[in-house]
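Report on the structure
So you can see what is in the structure, the chains are spelled out below.
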Amino acid sequence: MRDAVTVHMNAPPSRVWGLVSDITNTGKFSPETFEAEWLDGATGPALGTRFRGHVRRNGRGPVYWTVCRIVACEPCREFGFVVEAAGRSVNTWRYRFEPSGTGTDVTESFELADTPALRLYWALLGWARGRTNRNGMRTTLERIKAVAESRS
């Protein structure tokens, strides 16, 4: 009920952090979330800050909004948020930034909440959703890499 993908980027952690932590960039990078916006008057990332993402599941549909809350916000090190449904966390997404040589190793990961309903979902459909998430994380990171490296 979790996975991660790492991509090396020839850019400093500060540049990559800036791209990832500004959730208004999400639509440029994600194959499923095509736009995102800050909530509650927020204009940037901070612990506890909420935002919402407009999702096209599997890149095709259905289309819906998700509300997210930032749970990790350490500049140049980690950015993470939970996706909430009915006031409960259902999925945690994280980006970790590790300096490596002249660039940064960026790891994107997800972890589903450990609930009976999500365990059943993962047992039945995890093979397909896991593959979709892995491919989506790789696509997201490669798109971030292209932008981060173009600003070198």
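Look up: the structure comes first, before these words.
Note on numbering: residues in each chain are counted from 1, in written sequence order. Under the rules for a predicted model, residues below a pLDDT of 70 receive no local features and side-chain atom pairs below 80 are neither given nor counted, while totals for whole chains, interfaces and linings still include all residues. Water and hydrogen atoms were dropped before computing side-chain values, which therefore reflect all heavy atoms in the structure.

Some points on the overall build of the chain
Helical segments are the DSSP runs of H or I of at least four residues, strand segments are the runs of E of at least two, and each set is numbered from the N terminus. Assigned secondary structure in the chain consists of three helices and seven strands. Our radius of gyration is a C-alpha quantity, and the globule rule it is checked against amounts to 2.2 Å times the number of residues to the power 0.38. In summary, the chain has a C-alpha radius of gyration of 15 Å against a globular reference of 15 Å for 152 residues, a match within 12%. When its C-alpha atoms are laid out on the principal axes, the chain stretches across 45 × 35 × 25 Å. The buried share of the chain, reckoned over its 152 residues, is 39%. For this analysis, residues touch if any pair of their heavy atoms sits within 4.5 Å. Within the chain, contacts between residues at least 6 apart in sequence are counted, and of these 47% link residues at least 24 apart. Carbon and sulfur atoms make up 51% of the accessible area of the chain, which totals about 8000 Å². In this charge count, Lys and Arg are treated as positive and Asp and Glu as negative; neither His nor the chain ends contribute. Here the site of a charge means atom NZ of a Lys, CZ of an Arg, CG of an Asp or CD of a Glu. Where the 21 positive side-chain charges of the chain centre and where its 16 negative ones centre are 5 Å apart. Only protein chains enter the accessibility calculation, which uses a 1.4 Å probe; a residue is then buried when its area is under 20% of its type maximum, exposed when over 50%, and partly exposed in between. Using a 1.4 Å probe, accessible areas were evaluated by the Shrake-Rupley method; residue-level cover was limited to the displayed protein chains.

A few points about the pattern of salt bridges
The term salt bridge refers to a side-chain nitrogen of Lys or Arg lying within 4 Å of a carboxyl oxygen of Asp or Glu. Tallied over the full model, the rule gives 11 salt bridges. A salt bridge links Arg134 to Asp3; the shortest N-O distance between them is 2.8 Å. Pair noted here: Arg134 is in helix α3 (residues 116-150) and Asp3 is in strand β1 (residues 2-9), with a separation of 131 residues, a long-range link. On the basis of relative accessible area, Asp3 is assigned to the partly exposed category, the value being 23%. A salt bridge links Arg129 to Glu32; its shortest N-O distance comes to 2.8 Å. One end of the pair, Arg129, is in helix α3; the other, Glu32, is in the loop between α2 (26-29) and β2 (33-38), with 97 residues separating them in the sequence. Under the relative-accessibility criterion, Arg129 is labelled buried at 9%.

Considerations on unusual backbone geometry
Residues Gly61 and Pro62 are joined by a peptide bond in cis, for which omega reads 5 degrees. Backbone geometry at Ala86 places phi at a positive 55 degrees, although glycine is not the residue there. Within the secondary structure, Ala86 sits in the loop between β5 (78-85) and β6 (88-100).

Focus: the state of the cysteines
Any cysteine sulfur atom paired with another within 2.5 Å is treated as part of a disulfide. A full pass over the atoms with the stated rule returns zero disulfides. Cys73 carries a free sulfur, and the closest cysteine sulfur to it, the one in Cys76, is 11 Å from it. Accessibility expressed as a relative area gives 22% for Cys73, which makes it partly exposed.

Quick word on the environment of Ser21
Checked against the element boundaries, Ser21 lands in helix α1 (residues 13-21). Ser21 sits in the buried class, given a relative accessible area of 5%. Spatially, the C-alpha atom of Ser21 lies 9.7 Å from that of Ile70, the residues being 49 residues apart in sequence. With sequence-adjacent residues up to four places away left out, Ser21 is seen in contact with Trp38, Pro45 and Phe79. Polar contacts here mean pairs of N or O atoms no more than 3.5 Å apart (in protein, one a potential hydrogen donor and the other a potential acceptor; neighbouring residues in sequence count only if both atoms are side-chain atoms). Polar side-chain contacts of Ser21 include one of 2.8 Å to the backbone oxygen of Trp17.

Side note on a nonpolar patch on the surface
To count toward a patch, a residue needs a relative accessible area above 30% and no salt bridge. Like charges then connect within 9 Å, nonpolar side chains (Val, Leu, Ile, Met, Phe, Trp, Tyr) within 5 Å. A cluster of nonpolar side chains, contributed by Leu120, Leu124, Leu125 and Trp127, occupies part of the molecular surface with about 470 Å² of accessible area. One can find Leu120 in helix α3.

Quick word on the nonpolar core
Among the nonpolar cores identified, the biggest contains 30 residues, and Val16, Phe79, Tyr95 and Ile144 are the most heavily contacted of them. Those elements giving two or more residues to this core turn out to be β1, α1, β2, β4 (63-74), β5, β6, β7 (103-112) and α3. Discounting chain neighbours no more than four positions away, the residues touching Tyr95 are Val20, Arg77, Glu78, Phe79, Phe81, Val106, Thr107, Glu108, Thr140, Leu141 and Ile144. Nonpolar cores are built from buried Ala, Val, Leu, Ile, Met, Phe, Trp, Tyr and Cys residues. Side-chain atoms within 4.5 Å join them into one set.

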